[in-house]
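What follows is the residue order along each chain.
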Number of protein chains: 4
Amino acid sequence: MTQAVDGRVDQGTAEHARHTKHGEEQQEALTRAAFDLIAERGFEGLRTRDVAARAGVNIATLHYYFPSKEDLIQAVLAAAVARFRRPGSPEAPPPAPDPLGQLRGFLRSRERAMRESPDLFAVLLELSTRALRDEGIRATMRRTDEEWREHLAGYLRAGVEAGQLRPDLDVQAAAISLVALSKGLHLQMIMTPDELVGERFNVEIEQWLTGRSETTAP
Amino acid sequence: MTQAVDGRVDQGTAEHARHTKHGEEQQEALTRAAFDLIAERGFEGLRTRDVAARAGVNIATLHYYFPSKEDLIQAVLAAAVARFRRPGSPEAPPPAPDPLGQLRGFLRSRERAMRESPDLFAVLLELSTRALRDEGIRATMRRTDEEWREHLAGYLRAGVEAGQLRPDLDVQAAAISLVALSKGLHLQMIMTPDELVGERFNVEIEQWLTGRSETTAP
Amino acid sequence: MTQAVDGRVDQGTAEHARHTKHGEEQQEALTRAAFDLIAERGFEGLRTRDVAARAGVNIATLHYYFPSKEDLIQAVLAAAVARFRRPGSPEAPPPAPDPLGQLRGFLRSRERAMRESPDLFAVLLELSTRALRDEGIRATMRRTDEEWREHLAGYLRAGVEAGQLRPDLDVQAAAISLVALSKGLHLQMIMTPDELVGERFNVEIEQWLTGRSETTAP
Amino acid sequence: MTQAVDGRVDQGTAEHARHTKHGEEQQEALTRAAFDLIAERGFEGLRTRDVAARAGVNIATLHYYFPSKEDLIQAVLAAAVARFRRPGSPEAPPPAPDPLGQLRGFLRSRERAMRESPDLFAVLLELSTRALRDEGIRATMRRTDEEWREHLAGYLRAGVEAGQLRPDLDVQAAAISLVALSKGLHLQMIMTPDELVGERFNVEIEQWLTGRSETTAP
DNA sequence: TATGAATGAGCTTTCATTCAT
DNA sequence: TATGAATGAAAGCTCATTCAT
């Protein structure tokens with residue numbers, strides 16, 4: 001498992017054997033196949049043979065690109081967190097003109113992402129569970145969490161400064177809460193996929209953040 | 001696997017081969033051993049041989065009580081959700097004199113539970129992940145979710161009626177949000193166990209639910 | 001396995017633990033259950049647990065009456081060969097007034113038995129196959145073979161003496177051939193159950209034994 | 001298991017994983033090892049581990065070539081029936097100048113084959129017994145039976161036309177009888193291997209088929 | 001760069017048998 | 001006489017990994 005001392009995972013996956021264009025494509029195809037199979041069957045049901053078969057290559061070829069199963073999983077981890085980072089991707093938060101609008105868009109976009117990319121969230125949940133026991137995964141995911149938090153904290157701070165949000169808002173606590181809330185909603189969506197409609201939450205969340213009900217706008 | 005047609009799992013654990021008091025104890029010992037091993041290594045690393053060894057019995061004895069690994073997992077599921085239901089258990093919601101007090105105690109007690117019983121929450125997270133692909137687990141956990149939600153909704157409704165909470169509070173949305181928030185905090189606690197101190201969240205949550213900041217007394 | 005030095009199997013099965021009426025009934029029920037299961041699934045699929053279950057007793061009870069699986073099989077062997085010996089049973093050859101009539105009835109009755117008691121013949125085939133490697137079974141079945149041969153040789157000798165059969169008939173060879181023929185027809189009946197109608201064989205066999213075609217009777 | 005809809009088994013043995021010459025040899029070595037072990041211990045005593053060990057390969061290698069034990073058994077079945085089909089093999093019917101000579105050679109060659117290749121006949125008996133419960137095996141063996149019958153019927157028809165055999169001979173019935181007789185003699189040979197000397201049968205069979213005793217020349 | 005073949009170690013499950021009660 | 005509980009020893013099968021080509 002290629003893993004640096006600080007717990008950060010080498011984002012480019014295995015450094016060896018990635019010199020030609022074709023090789024890179026093979027690696028991507030394998031990572032995608034692994035991603036899909038984790039989404040379908042979880043880590044519990046992930047078999048390197050199935051990954052190779054889905055990518056259309058021999059099992060030995062998989063091990064040529066990813067010396068061990070762990071290396072393959074690291075590549076999936078990197079691919080999964082990258083999808084959150086890529087601006088403009090369906091999972092990234094949408095642009096908005098003002099802080100409150102950005103916050104309004106936040107949960108809305110998260111809920112849409114959960115519905116449109118259930119595979120990504122399934123894989124992230126699998127990774128979160130594995131993070132319980134894998135320091136490498138934990139470190140990588142922690143960074144993603146922090147980025148989200150900082151992102152939201154930026155909105156929140158701007159909203160407070162612009163007078164759109166409560167002046168006594170604990171920005172850090174609110175940012176953490178919002179990330180937690182969106183994660184928790186995913187877990188609940190697994191159990192009751194039809195029951196959860198996001199709009200009502202947004203009303204309540206705005207009430208909380210602004211200190212006044214939405215309808216009582218000036 | 002004893003499972004009714006509506007997908008609900010027989011809450012009383014497997015009925016198979018539990019004729020004597022001794023047999024019941026063995027079954028419990030095996031369930032506990034499986035629980036511990038899931039907490040330690042996840043479903044991915046759960047081996048029936050290890051469960052038997054930890055319970056101090058032969059592997060064939062395990063299969064005498066639990067015909068298949070799945071049956072054992074069902075028993076663990078039942079045992080895990082039961083811990084939330086048993087009143088007075090460290091994981092059950094604490095009693096409180098008034099609605100606001102109960103709500104104040106909610107996240108506080110959840111956070112404490114997460115810190116004091118990390119195993120239970122680890123197992124629940126494993127089960128949640130498995131619920132992605134297992135309708136039986138999904139159904140059982142959905143019921144637990146619903147109980148929590150109804151519980152909280154009761155507090156919230158009482159709080160609104162007593163004038164302790166905002167009159168325009170969307171009780172259902174708030175109940176769902178609180179459950180989601182507590183679940184999401186667990187996921188974040190996995191990544192950053194030391195950073196999350198609950199008290200700040202409680203201040204914000206009360207602000208949200210009451211419509212006024214705690215410190216700003218009239 | 002209770003087995004005498006000369007290879008003969010103790011016909012009464014295990015001598016121990018058979019003192020009361022009830023005990024004998026249990027033993028018979030278990031033997032019958034084993035017989036039925038061998039007919040259904042063969043020795044390859046015979047499980048003592050299934051035998052006990054079908055007889056409605058605990059597996060430990062089976063071992064009380066039959067200390068080992070081999071002992072149970074010996075009991076089934078004894079029961080199977082007994083059915084051929086019991087006069088008047090559907091598997092025993094029918095009485096007839098004269099030698100030729102007796103011979104005429106022979107294959108006819110064998111064919112009927114194969115159709116009416118497929119289980120018995122299935123078990124006998126299983127036993128024949130096991131006889132390849134089990135001297136005890138071989139010895140017991142050899143005795144049954146010899147009885148049939150002697151039986152038929154008696155008919156044949158009487159037929160020759162009465163002038164009904166060819167005077168130069170090799171009685172021993174004919175007796176052996178008839179037994180072989182009936183066994184071989186069973187094997188063929190397994191493959192093509194509908195194709196084999198016995199009457200045409202009888203015509204040919206009489207031609208052979210009498211030296212003249214049936215239709216050319218004086 | 002490669003098996004067509006009509007129940008016939010793919011005669012060319014398992015198609016799975018036989019890409020190189022070496023692979024083909026391994027497959028044959030495994031099939032031979034399985035054949036030998038079935039002859040020695042029967043299906044009841046057939047263990048994949050033992051087959052692999054006898055072929056000198058790892059158990060996983062066996063499963064590389066034969067995904068399941070059933071597939072291996074299918075290969076043994078195909079190999080066994082092939083030995084009767086290969087002209088010139090010790091088990092194939094011998095060539096002869098005239099119909100009567102061919103018939104004379106038939107049982108003689110069968111008896112010799114039974115004595116020289118007891119393993120082959122043991123395996124065929126095991127397969128016949130399994131055919132009781134396995135439609136695939138039944139279908140394959142039925143075809144072998146039919147080939148023998150047609151073979152013999154050809155001889156018989158030619159013999160009748162050449163005036164060597166009785167003109168009123170029921171050719172079909174006689175062909176079936178001869179196959180049955182040879183099968184039955186094998187079963188008897190299991191019980192009494194020394195007693196059965198074939199020549200006497202042949203005298204009787206010629207008497208039957210020709211309508212005159214061999215010694216009684218016109 | 002890619003693969004067919006091979007394997008050590010291990011997995012869940014089975015089974016005949018035993019024994020205390 | 002009968003049984004619930006327990007087990008040693010497999011059995012069929014799987015899986016990540018290796019290696020010669």
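Quick notes on the rules
- Residue numbering note: each chain is counted from 1, following its sequence as written.
- Starting at A for chains and at 1 for ligands, labels are handed out in the order in which the entities are written.
- pLDDT decides what is reported in this predicted model: residues at 70 or higher carry local features, side-chain atom pairs at 80 or more are listed and counted, and totals for whole chains, interfaces and linings draw on all residues regardless.
- Secondary structure elements follow DSSP: runs of H or I no shorter than four residues count as helices, runs of E no shorter than two count as strands, and numbering proceeds from the N terminus.
- Residue burial is a threshold on neighbouring C-beta atoms within 10 Å of the residue's own C-beta, all placed from the backbone, with 20 or more meaning buried, 12 or fewer meaning exposed, and counts in between meaning partly exposed.
- Throughout, a residue-residue contact means that the two C-beta atoms, derived from backbone geometry, are no farther apart than 7 Å.
- For helices, the axis comes from a line fit to the C-alpha atoms of the stretch in contact; other axes are also lines fit to C-alpha atoms, and the angle between any two N-to-C directions lies between 0 and 180 degrees.
- For classification purposes, an angle smaller than 35 degrees is called roughly parallel, one larger than 145 roughly antiparallel, one from 65 to 115 roughly perpendicular, and anything else oblique.
- Working rule for handedness: look at the near helix, and if it is turned counterclockwise from the far one by less than a right angle, call the crossing left-handed; if clockwise, right-handed.
- Classes in brief: Ala, Val, Leu, Ile, Met, Phe, Trp, Tyr, Cys and Pro nonpolar; Asp, Glu, Lys and Arg charged; the others, Gly included, polar.
- Note: domain ranges come from an automatic or database domain assignment.
- Alignment of copies: least-squares fit on C-alpha atoms of residues with pLDDT of at least 70 in both copies.
- Residues are classed as near a molecule or strand if the C-beta position derived from their backbone is within 6 Å of it.
- In this analysis, the expected span of each helix is defined as 1.5 Å times one less than the number of residues it contains.

Participant: I'd like a rundown of the overall build of chain A, residues and numbers included.
Facilitator: Regarding its fold elements, chain A presents nine helices and zero strands. Beginning at the N terminus, the succession of helices and strands in chain A can be written as α-α-α-α-α-α-α-α-α. Scored against the burial criterion, the 218 residues of chain A give a buried share of 41%. At a minimum sequence separation of 6, the contacts of chain A that also span at least 24 residues come to 61%.

Participant: Which residues make up the packing of helix α4 (residues 69–85) of chain A against helix α6 (residues 118–131) of chain A, and what values go with them?
Facilitator: Residues and elements named next belong to chain A. Orientation of α4 relative to α6, taken along the N-to-C sense of each, is 125°, at an axis distance of 10 Å. Between α4 and α6, the crossing angle belongs to the class labelled oblique. Where α4 crosses over α6, the handedness of that crossing is left-handed. Residues Val76, Leu77, Ala80 and Arg83 of α4 form the contact with α6, whose own contacting residues are Leu120, Val123, Leu124 and Leu127. Across the contact of α4 with α6, the residue classes tally to seven nonpolar, no polar and one charged.

Participant: An account of the interface of chain A and chain B is needed here, citing residue identities and associated values.
Facilitator: Put simply, an interface is often sized by how much accessible area is lost when its parts join up. With 41 residues of chain A in contact, the opposing surface of chain B contributes 41 residues. For the side of chain A that touches chain B, the secondary structure elements donating two or more residues are α6, α7 (135–161), α8 (171–191) and α9 (199–210) of chain A. When residues in the side of chain A that touches chain B are grouped by element, the largest group, 15 residues, is from α8(A). When the residues that make up the side of chain A that touches chain B are grouped by side-chain class, the tally is 19 nonpolar, 10 polar and 12 charged.

Participant: Let's hear about the domain arrangement of chain A: which residues, and what values?
Facilitator: Residue and element names in this part refer to chain A. Partitioning chain A into structural domains gives domain 1 (21–82) and domain 2 (87–216). A straight line from the C-alpha centre of domain 1 to that of domain 2 covers 29 Å. Tallying the contact residues gives 10 residues for domain 1 and 11 residues for domain 2. Taken together, the elements giving at least two residues each to the side of domain 1 that touches domain 2 come down to α1 (21–41) and α4. Grouping the constituent residues of the side of domain 1 that touches domain 2 by class yields eight nonpolar, one polar and one charged.

Participant: Please give an account of the relation of the copies chain A and chain B that cites residues and values.
Facilitator: A rotation about an axis combined with a shift along that same axis relates the two copies of the chain. By a simple turn and slide, chain A fits onto chain B: the slide is 0.0 Å along the axis, the RMSD is 0.1 Å, and the turn is 180°. The superposition operator between the copies reduces to a two-fold rotation axis.

Participant: Explain the relation of the copies chain C and chain D to me, using residue names and the numbers behind them.
Facilitator: For the pair chain C and chain D, the superposition axis carries a translation of 0.0 Å, the fit reaches an RMSD of 0.1 Å, and the rotation angle comes to 180°. Both copies share a contact surface, since 98% of the interface residues of chain C are interface residues in chain D too.

Participant: Report on the protein's contact with DNA strand E, specifying residues and quantitative values.
Facilitator: Residues in close proximity to DNA strand E total 43 residues, the closest being Gly23(A), Ala60(A), Ala60(C), Gly23(D) and Ala60(D). Put simply, the parts of the chain that give the surface near DNA strand E at least two residues each are α1 and α3 (59–65) of chain A, α2 (48–55) and α3 (59–65) of chain B, α2 (48–55) and α3 (59–65) of chain C together with α1 (21–41) and α3 (59–65) of chain D. Looking at the surface near DNA strand E residue by residue, the class counts come to 17 nonpolar, 20 polar and six charged.

Participant: Break down the interface of chain C and chain D for me, with residues and values.
Facilitator: On the chain D side, the residues contacting the 42 residues of chain C number 41 residues. Breaking the side of chain C that touches chain D down by element, the ones donating at least two residues are α6 (118–131), α7 (135–161), α8 (171–191) and α9 (199–210) of chain C. At 15 residues, α8(C) tops the list of elements feeding residues into the side of chain C that touches chain D. Looking at the side of chain C that touches chain D residue by residue, the class counts come to 20 nonpolar, 10 polar and 12 charged.

Participant: Explain the protein's contact with DNA strand F to me, using residue names and the numbers behind them.
Facilitator: Near DNA strand F, the surroundings consist of 43 residues, among which Gly23(B), Ala60(B), Gly23(C), Ala60(C) and Ala60(D) are the closest. Going through the elements one at a time, α2 (48–55) and α3 of chain A, α1 (21–41) and α3 of chain B, α1 (21–41) and α3 of chain C together with α2 (48–55) and α3 of chain D are the ones with two or more residues in the surface near DNA strand F. For the surface near DNA strand F, the residue count by class is 17 nonpolar, 20 polar and six charged.

Participant: Let's hear about the environment of Arg200(B): which residues, and what values?
Facilitator: Its location among the elements puts Arg200(B) in helix α9 (residues 198–210). Taking the C-beta count within 10 Å as the criterion, Arg200(B) has 15 such neighbours and is therefore assigned partly exposed. Non-local contacts of Arg200(B), meaning those with residues more than four positions away in its chain, are made with Asp170(A) and Ala173(A).

Participant: Outline the packing of α8(C) against helix α9 (residues 199–210) of chain D, supporting the account with residue identities and numerical values.
Facilitator: Running from N to C, α8(C) and α9(D) cross one another at 85°; their axes reach a closest spacing of 9 Å. Put simply, α8(C) runs roughly perpendicular to α9(D). From α8(C), Ala173(C), Ala174(C) and Ser177(C) reach across to α9(D), where they touch Arg200(D), Phe201(D) and Glu204(D). A breakdown of the residues in the contact of α8(C) with α9(D) according to their chemical character gives three nonpolar, one polar and two charged.

Participant: I'd love a proper account of α9(A), names of residues and values included.
Facilitator: Residue and element names in this part refer to chain A. Between its first and last C-alpha atoms α9 spans 16 Å; for 12 residues at 1.5 Å apiece the expected length is 16 Å, and the two agree. Residues Phe201, Glu204, Ile205, Gln207, Trp208 and Leu209 constitute the buried set of α9. Just beyond α9, the residue with positive phi is Gly211, at close to 85°.

Participant: Describe the environment of Ala79(C), and please don't skip the residues or the numbers.
Facilitator: All names here are of chain C. The residue Ala79 is located in helix α4 (residues 69–85) in this model. Separated by 28 residues in the primary sequence, Ala79 and Leu107 place their C-alpha atoms 23 Å from one another. Ignoring any residue separated from it by four or fewer positions in sequence, one finds Ala79 in contact with Thr31 and Phe35.

Participant: Let's hear about helix α7 (residues 135–161) of chain B: which residues, and what values?
Facilitator: Across its 27 residues, α7(B) extends 38 Å between first and last C-alpha, which sits within 8% of the 39 Å expected from 1.5 Å per residue. Buried within α7(B) we find Ile137(B), Arg138(B), Thr140(B), Met141(B), Asp145(B), Trp148(B), Arg149(B), Leu152(B), Tyr155(B), Leu156(B) and Gly159(B). The elements touched by buried residues of α7(B) are α8 of chain A together with α4 (69–85), α5 (99–116), α6 (118–131) and α8 (171–191) of chain B. After α7(B) finishes, the residue Gly163(B) shows a positive phi value of roughly 80°.

Participant: So what's going on with the environment of Pro99(D)? Which residues, and what values?
Facilitator: All names here are of chain D. Mapped onto the fold, Pro99 is located in helix α5 (residues 99–116). As for Pro99 and Thr48, which are separated by 51 residues in sequence, their C-alpha atoms are 46 Å apart. With sequence-adjacent residues up to four places away left out, Pro99 is seen in contact with Tyr155, Ala158, Gly159, Ala162 and Gln164.

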